[in-house]
Structure formats: C-alpha cells, structure tokens
Amino acid sequence: RDLAGAREQVKEGIAAILPHARKCGVPLAIEPLHPMYAADRACINTLEHALDICEALDPQRSGALGVAVDMYHVWWDPKLKAQIERAGRERLLAFHVSDWLTPTTDLLNDRGMMGDGVIDIRQARGWVEANGFAGYSEAEIFSHRWWSLSGEETLRTCIERHRSCV
C-alpha cells in the first residue's frame, strides 16, 4: 500500500548496484511497466518517472543508466514522444515491440503480434531512432494464443510483422 515507499526502495536499490554495474561496463535499463501493474509487479510506470530516476542517479548521462522503451507498457502515454526526446541516445538502451489488443483478455499474456492491435509502433520506432537509438527492436509476444502455435509459425509471423509494422 506504500507506493511512494516502494518507489523509493527501487531507486535506492538501483543506486546501490549502479557502481558495480558501471565498474563491470554493464548499463542498467529501467523499464517502466503499464500502470495496471502498479499493485503487484512494478512501481515505475512511466518513462518520465524512469528518466527522473536516471537523472537523479546518473546526472552526467554516462551511459551507465537508461531506459527500456517497451511499447506494450508506454504506448498510451501522452508524453511518450517528449520523454523519448528527453532520453536521447545516452539513455535509450532498449526498444521492445508487441501490440495492445482490444479487447485484451489477459493483462499479462495477451499481447498482440505487431500489427494486430492499436499501437503505432512504426511511429515510435521513428522517434527512438531520431533520438539516437540504433539497437535492435526486441519482440516480446507474451501470448497464450501465439504460444499454442508452432514455434516455426510464430517466428515466421513475427519476422513478417517486424518487417511490415515496425
């Protein structure tokens, strides 16, 4: 019930491990999760909040701390484009793609294949790339429907959709 306390605990935990990660050359990415997960999975729910933590713990923008932009979790945010711009090359560490289905039948395991839902993934990819992200787009299709199909069919569809929708 103490959401503010949980958020402070996460920030303190990141601060505690950041020096070791920096020493090992391993950047840490904060991945905000959709607010529907605030009660049981994640207390960092917007890109803005994740970037606030980055600025507090790594104000020099050293590349040691940044964000993972997971479209399933942040697509709805009216500040998304501005926060991607704020992140810039130094903080954009990952870009995850899947789609939000309407209706969604399972908040965890009903992600859509790119192009099956309401997210303008291509636009968001343009935003992250325009702001210096040059890494891979990672497909995260948590879906009982897709898992029930053969791996070959799912992979073939994922590749096709990545080419046409991402």
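All values derive from a computational prediction rather than experimental measurement. (Residues numbered from 1 in each chain as written. Predicted model: local features only at pLDDT ≥ 70, side-chain atom pairs only at ≥ 80, totals over all residues. Heavy atoms only, no water.)

Peer 1: Can you explain the overall build of the protein chain? Please cite residues and give values.
Peer 2: When helices and strands are tallied, the protein chain shows seven helices and six strands. Taking 15 Å as the expected radius of gyration for a compact globule of 166 residues, we find that the protein chain reaches 16 Å, a close match to that expectation. The buried share among the 166 residues of the protein chain stands at 40%. By sequence separation, contacts in the protein chain at least 24 residues apart represent 73% of the contacts at least 6 residues apart. (Helix = DSSP H or I, 4+ residues; strand = E, 2+ residues; numbered from the N terminus. Rg over C-alpha atoms; globule rule 2.2 N^0.38 Å. Buried < 20%, exposed > 50% of the residue type's maximum accessible area, 1.4 Å probe, protein only. Contact = heavy atoms within 4.5 Å.)

Peer 1: Describe the pairing of strand 2 (residues 65–70), and please don't skip the residues or the numbers.
Peer 2: Most of strand 2 sits inside the fold, with six of its six residues counted as buried. For strand 1 (residues 28–30) and strand 2, the ladder comprises three bridges, and the chain directions are parallel. Counted as the bridge partner of A29 is G66 from strand 2. The parallel pair strand 1 and strand 2, bridged by helix 2 (residues 47–57), forms a crossover whose chirality is right-handed. One ladder, built from four bridges, connects strand 2 with strand 3 (residues 92–97); its direction is parallel. From the neighbouring strand, D70 faces strand 3, where its bridge partner is H96. (Pairing = 2+ DSSP bridges. Right-handed = clockwise from strand over helix to strand, strands pointing away.)

Peer 1: Go over the pairing of strand 3 with me, naming the residues and quoting the values.
Peer 2: Extensive coverage of strand 3 is indicated by the burial of five of its six residues. Bridge count for strand 3 against strand 6 (residues 137–139) is three bridges, and the pairing is parallel. Bridge pairing links F95 to S137 in strand 6.

Peer 1: Describe the sheet that holds strand 1, listing the residues and the values that go with them.
Peer 2: Pairing is parallel across the open sheet formed by four strands, whose spatial order is 1-2-3-6. Edge positions in the sheet fall to strand 1 and strand 6, since each has one partner strand and no second. When strand polarity is set aside, the average angle formed by the axes of neighbouring strands in this sheet is 35°. Of the strands in this sheet, strand 1 and strand 2 are in contact with helix 1 (residues 3–24), which crosses strand 1 at around 150°. (Axes fitted to C-alpha atoms, helices over the stretch in contact; angles between N-to-C directions.)

Peer 1: I'd like a rundown of the packing of helix 1 against helix 2, residues and numbers included.
Peer 2: The contact between helix 1 and helix 2 brings their axes to 11 Å, and the two run at 50°. By the angle between their directions, the pair helix 1 and helix 2 is classed as oblique. Crossing handedness for the pair helix 1 and helix 2: right-handed. Contact residues: helix 1 offers R7, K11, I14, A15, L18 and R22, while helix 2 offers H49, I53, A56 and L57. (Parallel < 35°, antiparallel > 145°, perpendicular 65-115°, else oblique. Left-handed = near helix turned anticlockwise from the far one by under 90°.)

Peer 1: So what's going on with the nonpolar core? Residues and values would help.
Peer 2: I30, V67, V69, M71, L92, F95 and M114 are the most contacted members of the largest nonpolar core, which has 39 residues in total. Those elements that place two or more of their residues in this core are helix 1, helix 2, strand 2, helix 3 (71–74), helix 4 (80–91), strand 3 and helix 5 (121–130). Sorting elements by how many residues they give to this core places helix 2 first, with six residues. Residues in contact with I30, not counting those within four places in the same chain, are I14, I44, A50, I53, C54, L65, G66, V67 and A68. (Core = buried A, V, L, I, M, F, W, Y, C linked by side-chain atoms within 4.5 Å.)

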